[in-house]
Amino acid sequence: MSTYQWDWGIILQQVPESEEFYYQWLISGLGWTIATALSAWVIALLLGSLIGVLRTLPSRPLSFIGTAYVELFRNIPLIVQLFIWFFVVPELVPTVVGDWMKRDMPLPEFTTAVFGLGLFTAARVAEQVRTGILTLPRGQKNAGLALGLTLGQTYRHVLLPMAFRIVIPPLTSEFMNIFKNSAVALVIGLTELTFQMKQITGDYAPSNPIEVMTLVSLLYLSVALSVNRIMAFIEKKSRVPGYISGGK
Amino acid sequence: MFRKATLIMAAISGVFSVAASAEDTTLPTLQKIKASGIINVGHRESSIPFSYLDDKQKPIGYSMDLCNKIIENVKKDLNMPSLKVNLVPVTSATRIPLMTNGTVDLECGSTTNSMERQKQVAFGVATYVAPVRMLVKAGTKLDSLDDLNGKAVVTTTGTTSDQLIRKNEKGMNIDVKNVYAKDHAESFLMVETGRADAFVMDEILLAGFIANAKNPKDFAIVGPTLRAEPYGIMLRKDDPAFKKVVDDTLKGLMKSGEINKIYQKWFLSPIPPKNINLSLPMSQELKNAFTNPSDKGV
């Protein structure tokens, strides 16, 4: 029993008193979502791999730094981290820097979201890279060293190539997560996809929220599925016959 | 493969059967109330002073007082003195779906009566007229929209304040930087921390934030009225019998002047929980709305 008037055409309607259409808002939002997620993923993958490696090194201080990073960034909710980067940090740094962050930094919402999301996801990537390295038989590292490779060379040529192959499935999940987590950036005013959904279903077109929310869900679904397929392709292409993920 | 296809078909048909059952028409509200013995009242949680929770988590406010008058008349009309009132919290995003699916029968909050919303729901005559103005830090010179040139203006997500500026931007050729915040509290924070120069919103909400600020003197509401929005109590569409009870009750309060006392209680006296006085005298627009009650949307 409902008097809800369905209207799937809502998205094709023109924004009142303007030359824009609602679907253009959604496309622009999707663009920011993808740009934010991809940029943050670059940070997450590079920094995460570094931290993950640090945690497996024999040096106590280095592995401590890795552990401290992971526990700090993994144990604070993402929404709180973004809030801190955006609202708290500019108040703590010297006024000149704070004012620059608030007024002159290029694209303040986007930049903050990319770094916040990237640093958060790096902690999770680090754990997966560490898992990948620790999964390898200990003999591999010893064999590398016995061949006369330095520790760095052993990581570069022996351990990491296999470790990354092993953790492609969990990294795929993390890569998909970063697209979905980017929605949190609406709390700092980034005009990404979920922001646009809230904007349209707010006072602009409040009468058909269910349709807009459904379409936005489908957009997220298709982005995540595309990422999933691309990663599956990479996994297939990087397979080493006879090794762990090369089996089947 | 076959099982996969069957599952997908089942899922899809499930979605469509929900959509189909949602098309069923509903009973007129008064009949529904009579049959169930319950009236479901939607309220907000922090829409001060219209509809918000007090320190005992009980919804109170200007709109709640008006709704209680409506409920009294429903009891009289249906001859059901022991009618049960079921209070349902709603948000700006849920109020319309919950109204159309019958979860609430009456929404007592601070909802603008807009033509867009009238596609789904109906409104009683306007109970408040909210002028839209600008909040700035005290000392900022902002007498007209021209002074916004080069300034950052914050809009709360889900409101149309950015459009108000955009519309004027065209005519006046000024360059405004639109920034966004997730709720009104955060928009206020954007001005407080200097990320934005002005916050464009309903004056009543701005007054509430200033009253609750650490130093109310640090802020000011300035500039012309950019738009006036009528607030209305929301009910289901195409339900003339229930709408008559709602409108007659409100018109009665306006005619007898009783609504002035209720206004006095919420806008010109200290209100819970912090005993802050919003000190917002009745605007000319609101006085007009009480003399000539109307349910016209914007």
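Residues numbered from 1 in each chain as written. Chains lettered and ligands numbered in written order. Predicted model: local features only at pLDDT ≥ 70, side-chain atom pairs only at ≥ 80, totals over all residues. Heavy atoms only, no water.

Regarding the overall build of chain B
Move 1: Helix and strand counts for chain B come out as 10 helices and 14 strands.
Move 2: Split into buried and exposed, the 298 residues of chain B put 53% on the buried side.
Move 3: Taking all contacts inside chain B whose residues are at least 6 apart in sequence as the whole, residues at least 24 apart take part in 75%.
Move 4: Of the accessible surface of chain B, which amounts to about 13,700 Å², a share of 56% is contributed by carbon and sulfur atoms.
Move 5: Taken together, the 38 basic and 32 acidic charged side chains of chain B have centroids lying 3 Å from each other. (Helix = DSSP H or I, 4+ residues; strand = E, 2+ residues; numbered from the N terminus. Buried < 20%, exposed > 50% of the residue type's maximum accessible area, 1.4 Å probe, protein only. Contact = heavy atoms within 4.5 Å. Areas by Shrake-Rupley, 256 points an atom, 1.4 Å probe, with all protein chains shown as cover. Lys, Arg positive; Asp, Glu negative; His and termini not counted. Charge placed at Lys NZ, Arg CZ, Asp CG, Glu CD.)

With respect to the domain arrangement of chain B
Many descriptions give the size of an interface as the accessible area lost when the pieces come together.
Residue and element names in this part refer to chain B.
Move 1: Structurally, chain B comprises domain 1 (25-129 + 230-291) and domain 2 (131-229).
Move 2: Computed over C-alpha atoms, the centres of domain 1 and domain 2 are 28 Å apart.
Move 3: Listed as interface residues are 13 residues of domain 1 and, on the opposing side, 10 residues of domain 2.
Move 4: Carbon and sulfur atoms make up 65% of the surface buried where domain 1 meets domain 2, a total of about 1,100 Å² over both sides. (Domains from an automatic or database assignment. Buried area = accessible area lost by both parts, 1.4 Å probe.)

Comments concerning the state of the cysteines
Residue and element names in this part refer to chain B.
Move 1: Tallied over the full model, the rule gives 1 disulfide over all chains.
Move 2: Here Cys67 engages in a disulfide with Cys108; their sulfurs sit 2.0 Å apart. Disulfide Cys67-Cys108: torsion about the S-S bond near -100°, hence left-handed. Separated by 41 residues along the polypeptide, Cys67 in helix 3 (residues 62-78) and Cys108 in strand 6 (residues 106-112) bring together distant segments of the chain. (Disulfide = S-S within 2.5 Å.)

Focus on the nonpolar core
If you look at soluble globular proteins, the nonpolar side chains tend to sit buried side by side.
Move 1: Residues Ile178 of chain A together with Leu135, Val154 and Met190 of chain B are the most contacted members of the largest nonpolar core, which totals 80 residues.
Move 2: Leaving out residues up to four positions away in the same chain, Val154 of chain B has contacts with Val179, Tyr180, Ala181, Ser187, Met190, Val191, Ala196, Ala198, Phe199 and Val200 of chain B. (Core = buried A, V, L, I, M, F, W, Y, C linked by side-chain atoms within 4.5 Å.)

Quick look at a nonpolar patch on the surface
All names here are of chain A.
Move 1: A cluster of nonpolar side chains, Ile79, Val80, Phe83, Ile84, Val88 and Leu92, forms an exposed patch at the surface whose accessible area comes to about 480 Å².
Move 2: Position of Leu92 among the secondary structure elements: in helix 3 (residues 78-92).
Move 3: Residue Leu92 is classed as exposed on the basis of its relative accessible area, which comes to 68%. (Patch = residues over 30% accessible without salt bridge, like charges linked within 9 Å, V, L, I, M, F, W, Y side chains within 5 Å. Salt bridge = Lys/Arg side-chain N within 4 Å of Asp/Glu carboxyl O.)

Overview of the sheet that holds strand 4 (residues 59-60) of chain B
Residues and elements named next belong to chain B.
Move 1: The sheet built from 3 strands is open, its strands ordered 2-3-4 with antiparallel pairing. Edge strands, defined here as strands with exactly one partner in the open sheet, are strand 2 (46-47) and strand 4.
Move 2: With 2 bridges connecting them, strand 3 (residues 51-53) and strand 4 associate as antiparallel partners. By the bridge assignment for strand 4, Leu53 is matched with Pro59. (Pairing = 2+ DSSP bridges.)

Here we look at the side chain of Arg133 of chain B
Residues and elements named next belong to chain B.
Move 1: Relative to the helices and strands, Arg133 is located in strand 8 (residues 128-137).
Move 2: Classification of Arg133 by relative accessible area gives buried; the value is 19%.
Move 3: Here the side chain of Arg133 touches Glu203 through a polar contact of 2.9 Å, side chain to side chain.
Move 4: Polar contacts involving the side chain of Arg133 include one to the main-chain carbonyl oxygen of Gly223, which spans 3.1 Å.
Move 5: The residues contacting Arg133, other than those within four sequence positions of it, are Phe199, Val200, Met201, Glu203, Leu206, Ile221, Val222, Gly223, Pro224 and Thr225. (Polar contact = N/O pair within 3.5 Å; in protein donor to acceptor, adjacent residues only side chain to side chain.)

Let's talk about the interface of chain A and chain B
Move 1: Contacts between the two partners involve 39 residues from chain A and, on the opposite side, 41 residues from chain B.
Move 2: Across the interface of chain A and chain B, roughly 3,700 Å² is buried in total on both sides, 50% from carbon and sulfur atoms.
Move 3: On the surface where chain A and chain B come into contact, there are 2 salt bridges.
Move 4: There are 16 residue pairs in polar contact (both at pLDDT 80 or more) connecting chain A and chain B.
Move 5: At the level of secondary structure, the elements contributing two or more residues to the side of chain A that touches chain B comprise helix 3, helix 4 (95-104), helix 5 (108-135) and helix 9 (193-204) of chain A.
Move 6: When residues in the side of chain A that touches chain B are grouped by element, the largest group, 6 residues, is from helix 9 of chain A.
Move 7: Along the lines of polarity and charge, the residues of the side of chain A that touches chain B split into 20 nonpolar, 10 polar and 9 charged. (Nonpolar A, V, L, I, M, F, W, Y, C, P; charged D, E, K, R; others polar.)

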